[in-house]
Amino acid sequence: MKIATQLIHAGPTVDQQTGALGVPVYQISTYRQTSFEHFGKYDYARGDNPTREAVEEVVARLEGGTRCLAFASGMAAISTTLMIFSPGDHLVVCDDVYGGAYRVLTSIFSRMGINASFVDATDLAAIEAAIRPETRALYLETPSNPLLKVTDLRGAAAIAKRHGIITLVDNTFMTPYLQRPLELGCDIVLHSGTKFLNGHSDVICGFAVTRDDELGQRIRYIQNAFGTGLGPQDSFLTLRGIKTLKVRMDQSQQNTGIIVERLKQHPRVTAVHYPGLAEHPGHAVHGAQTEGPGAVFSFEVDSLETAQRLLENTHLAAFAVSLGGVESIISYPARMSHASVPREERLRKGISDTLIRLSVGLEDPDDLYADLEQAMQ
């Protein structure tokens, strides 16, 4: 099946008991057992829930993985997955990784003896040079947040394989509709399902998908031990959201292309970062490993005053944390997604005080651009 069909039919589509077109919400905590010797498949909902299981099956199939685990947030997915590593292990991480991932790596996992080196992952030579004997994984994000830098996933995964380490990829911006890292040789895909997968700004959730079942079982063990699994109501809503992923992403991408081209000409915009632009440094690599440029981009304006006017005076694009909803969301990385990154480090990475990120929704692009234009006056 092509992915448009898989989005509707990849997982359980009919309740076997009632014929309902969808998996019901199993809003329960425990399950009655009938045998003293042999417990049933389900015993306690921290470990398993049929509604969560359904969304895990869908996301696993979409990503081409053997196992998917659904979590209570994207950071729960990231943090639980990182627990497969041990004290003394080392990770090579893309240098403009999401701020929450940077925070947990530098302030929590570092205290546990799991250390990270941050490198420009657009340079494969820099990745290889950062690998040590104790390195156990590459942690990548492409396009990255918020500068939309592009990493060659095939090349990075090949380096990892030569060194006997695994590759983890945050695929939140692209979703499996546009990019499937497991097919490119990577080992684990991570998602903040809060964003495009759910797509309606009404759920917090995360996913970890593995190519290897044994690796999936290791993450599953930690998920159950920590109790970080996704609840049934949020699982149900995410199943609903995934069904419209293609139509939402197609329209948002189309709108994004229009907005980007217009902002390039705006006198107060000094730079635009979007892999759909031919002049973007990662344009060719991105095009070779994805099905589209996505619906998130960032741009820089001429002053802090312009940034403040823009953020405070938009009416259609909500000035808010997050992205990937049906509504456009405009955010300020310096004080939102990357607020936990020290200012000196943030500026070194190119995340300036005049950088704006925009996730384009389903509004009419003419209306959306007019709103952005009036806000910058």
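Here the structure is a predicted model, which is why all the values come from computation and not from measurement. (Residues numbered from 1 in each chain as written. Predicted model: local features only at pLDDT ≥ 70, side-chain atom pairs only at ≥ 80, totals over all residues. Heavy atoms only, no water.)

Undergrad: So what exactly am I meant to see when it comes to the overall build of the protein here?
TA: For the protein, the helix and strand inventory stands at 14 helices and 12 strands. Taking 2.2 N^0.38 as the reference for a compact globule, 377 residues should give roughly 21 Å; the C-alpha atoms of the protein span a radius of gyration of 21 Å, in line with that estimate. Long-range pairs, those at least 24 residues apart, make up 72% of the contacts in the protein with a sequence separation of at least 6. Carbon and sulfur atoms make up 52% of the accessible area of the protein, which totals about 15,700 Å². Here the protein holds 34 positive side-chain charges and 43 negative ones, and the gap between their average locations is 3 Å. (Helix = DSSP H or I, 4+ residues; strand = E, 2+ residues; numbered from the N terminus. Rg over C-alpha atoms; globule rule 2.2 N^0.38 Å. Contact = heavy atoms within 4.5 Å. Areas by Shrake-Rupley, 256 points an atom, 1.4 Å probe, with all protein chains shown as cover. Lys, Arg positive; Asp, Glu negative; His and termini not counted. Charge placed at Lys NZ, Arg CZ, Asp CG, Glu CD.)

Undergrad: What exactly am I supposed to notice about the sheet that holds strand β5 (residues 166–170) here?
TA: Each strand in a sheet pairs with another by means of backbone hydrogen bonds, the pair being arranged parallel or else antiparallel. With mixed pairing, 7 strands are arranged side by side in an open sheet as β1-β7-β6-β5-β4-β2-β3. Looking at strand neighbours, the two that pair on one side only are β1 (67–71) and β3 (115–119), the edges of this open sheet. The mean angle between the axes of side-by-side strands here comes to 20°, regardless of whether they run parallel or antiparallel. Pairing analysis gives 5 bridges linking strand β6 (residues 188–192) to strand β7 (residues 206–210), with the strands arranged antiparallel. Residue pairing in the sheet places valine 189 in a bridge with valine 209 of β7. Sheet strands touched by helix α3 (residues 74–82): β1, β2 (90–94), β4 (135–141), β5, β6 and β7. Its angle to β6, the strand with the most contacts, is close to 150°. (Pairing = 2+ DSSP bridges. Axes fitted to C-alpha atoms, helices over the stretch in contact; angles between N-to-C directions.)

Undergrad: I keep staring at helix α12 (residues 304–313) and nothing clicks. Help me out?
TA: Note that an α-helix has 3.6 residues per turn; residues three or four places apart therefore point the same way. Within the span of α12, buried status applies to Thr306, Ala307, Leu310 and Leu311. The arc that holds the buried residues of α12, viewed along the axis, is 125°, so those residues lie on one side. Along its buried surface, α12 packs onto β9 (296–301), β10 (318–319), β11 (329–331), β12 (355–359) and α14 (365–375). (Buried < 20%, exposed > 50% of the residue type's maximum accessible area, 1.4 Å probe, protein only. Arc of directions from axis to C-beta.)

Undergrad: Would you mind going over the pattern of salt bridges with me for this structure?
TA: It is possible for side chains bearing opposite charge to pair when their charged atoms get close. This structure, assessed with the given rule, holds 21 salt bridges. A salt bridge links aspartate 202 to arginine 240, with the nearest nitrogen and oxygen atoms 3.3 Å apart. Taken together, the residues aspartate 202 in the loop between β6 and β7 and arginine 240 in helix α9 (residues 232–242) connect sequence positions 38 residues apart. With relative accessibility at 37%, the residue aspartate 202 sits in the partly exposed group. With its nearest N and O atoms 3.0 Å apart, the salt bridge here joins aspartate 353 to arginine 346. A single network of salt bridges, built from pairs that share partners, joins Asp95, Asp120 and Lys149. (Salt bridge = Lys/Arg side-chain N within 4 Å of Asp/Glu carboxyl O.)

Undergrad: What exactly am I supposed to notice about the pairing of β2 here?
TA: Strand residues, when the strand is regular, have side chains that alternate between the two faces of the sheet. Of all 5 residues making up β2, 5 are buried, and the element is well covered by its neighbours. On β2, burial covers both faces: His90, Val92 and Cys94 on one face and Leu91 and Val93 on the other are all buried. Sheet topology note: the β2/β3 ladder contains 5 bridges and is parallel. Considered in β3, the bridge of histidine 90 is made with asparagine 115. Following the chain from β2 across helix α4 (residues 99–107) to the adjacent parallel β3, one finds a crossover that is right-handed. Inspection of the sheet shows β2 paired to β4 by 4 bridges, in the parallel sense. Following the sheet pairing, histidine 90 is matched in β4 by threonine 135. (Right-handed = clockwise from strand over helix to strand, strands pointing away.)

Undergrad: Sorry, what's going on with the sheet that holds β10 here?
TA: Strand order in this open sheet of 5 strands is β8-β9-β12-β11-β10, and the pairing throughout is mixed. The strands lining the two open edges of the sheet, one partner per strand, are β8 (269–273) and β10. Inspection of the sheet shows β9 paired to β12 by 5 bridges, in the antiparallel sense. Residue pairing across strands places serine 298 opposite arginine 357, the latter belonging to β12. Lying on the sheet, helix α10 (residues 245–264) is in contact with β8, β9 and β12; it crosses β9 at an angle near 15°.

Undergrad: Teacher, can you tell me more about the packing of aromatic side chains here?
TA: The geometry of two aromatic rings is summed up by the distance between their centres and the angle between their planes. What the rule picks out here adds up to 4 aromatic pairs. With 6.2 Å between their ring centres and 70° between their planes, tyrosine 274 and phenylalanine 297 make a pair best called edge-to-face. A residue pair is termed long-range when its members are at least 10 positions apart, and tyrosine 274 in the loop between β8 and α11 (283–289) and phenylalanine 297 in strand β9 qualify at 23 residues. For the residue pair tyrosine 274 and phenylalanine 297, the accessibility class agrees, reading buried in each case. Clustering of aromatic rings is evident, with ring pairs tying together Tyr274, Phe297 and Phe299. (Phe/Tyr/Trp six-rings, centres within 6.5 Å; stacked < 30°, edge-to-face > 60°.)

Undergrad: Which parts of the structure should I look at to understand the environment of leucine 237?
TA: Within the secondary structure layout, leucine 237 lies in helix α9. The buried category is assigned to leucine 237, whose relative accessible area is 17%. Between the C-alpha atoms of leucine 237 and asparagine 198, which are 39 residues apart in sequence, the distance is 7.2 Å. Once you skip the residues sitting within four places of it in the chain, leucine 237 turns out to touch Asn198, Asp202 and Val203.

Undergrad: What should I look at first to understand the packing of α10 against α14 in this one?
TA: Angle between the axes and distance between the axes: these two values describe a pair of packed helices. At a minimum axis distance of 10 Å, the contact between α10 and α14 shows a crossing angle of 35°. As α10 runs across α14, the sense of the crossing is right-handed. Here Asn255, Ile258, Ile259, Arg262 and Leu263 of α10 lie close against α14, whose contacting residues are Pro365, Asp366, Leu368, Tyr369 and Leu372. A class-by-class count of the residues in the contact of α10 with α14 yields 7 nonpolar, 1 polar and 2 charged. (Left-handed = near helix turned anticlockwise from the far one by under 90°. Nonpolar A, V, L, I, M, F, W, Y, C, P; charged D, E, K, R; others polar.)

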